[in-house]
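As a plain string of letters, each chain reads:
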Amino acid sequence: MAGSVKFEGFSATETQDLVRAFELMKDGSRKAKTALLGGDLSAFNKWFDSTGTRSHLMKVSTIIKEVDDAIQNRSITFANASGNKVDKEEGGLCGYVWLIQTRSPGDAFSSAAHFGSGMRVMMVMRTHRTLGDLAETMYHELSHKVGGTKDITYKKATCQGNASANPQLAALNAENYNLFLREYLS
Ligand SMILES: [Zn+2]
């Protein structure tokens, strides 16, 4: 089954960038999965567990694999979230908008955000600068959607610090996943 991607509500210029960023992410995701499942743990050690115990290797590998499966095989729609009301109270402040308040408080994940067999991912363009940033944002959002990751911290230094001080938090935090992906973007 071949995957497909759609972009909804973006300008022509934005869509061009998003298409290129998606291809960049797709390539990076495949490389990341291949490395991890092939036993190359250099990026894993850096972003998820530098203690050497590999205690969360299974969990992280599963998320990396499932996100990659979604990217390669599923139908994904990225929708422009700029006009929506963003719930920044729930689940932490996701700089890229992951929670969209579609109904009432406590019902943020309504059926409006999930339909059919495909996946719908909300994005805001203004927070992005480079194609790499966009690729990372898509991956960050997909880690929430597919892997159930949380927003614990967006700070790069804290993300890396958690890999040594608290690998459990690193394995749960969405930003750690896009920083991991960054190691494989070219
Ligand atoms: Zn997030």
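Refer to the structure printed above.
Quick caveat, the model's predicted, so the values are computed rather than measured.

Chemist: Quick rundown of helix H1 (residues 12-37)? Include the residues and the values.
Modeler: Its 26 residues place the ends of H1 37 Å apart at the C-alpha level, agreeing with the 38 Å of an ideal helix rising 1.5 Å per residue. Listed in full, the buried residues belonging to H1 are Leu18, Ala21, Phe22, Leu24, Met25, Gly28, Ser29, Ala32, Ala35 and Leu36. One or two steps after H1, the chain reaches Gly39, where phi turns positive at roughly 95 degrees.

Chemist: Kindly report on the packing of aromatic side chains, identifying the contributing residues and their values.
Modeler: This structure, assessed with the given rule, holds six aromatic pairs. Relative to Phe78, the ring of Phe22 has its centre 6.1 Å away and its plane inclined at 65 degrees; by these criteria the two rings are edge-to-face. Highlighted residues: Phe22 in helix H1 and Phe78 in strand E2 (residues 75-80), separated in sequence by 56 residues. The exposure class assigned to Phe22 is buried, which follows from its relative accessible area of 3%. Using a relative accessible area of 0% as the deciding quantity, one classes Phe78 as buried.

Chemist: Residues and numbers for unusual backbone geometry, please.
Modeler: Unusually for a residue other than glycine, Arg54 sits at a positive phi of about 55 degrees. Mapped onto the elements of the fold, Arg54 is located in the loop between helix H2 (42-47) and helix H3 (57-73).

Parameters at a glance
Residues numbered from 1 in each chain as written. Predicted model: local features only at pLDDT ≥ 70, side-chain atom pairs only at ≥ 80, totals over all residues. Heavy atoms only, no water. Helix = DSSP H or I, 4+ residues; strand = E, 2+ residues; numbered from the N terminus. Expected span 1.5 Å × (residues − 1). Buried < 20%, exposed > 50% of the residue type's maximum accessible area, 1.4 Å probe, protein only. Phe/Tyr/Trp six-rings, centres within 6.5 Å; stacked < 30°, edge-to-face > 60°.

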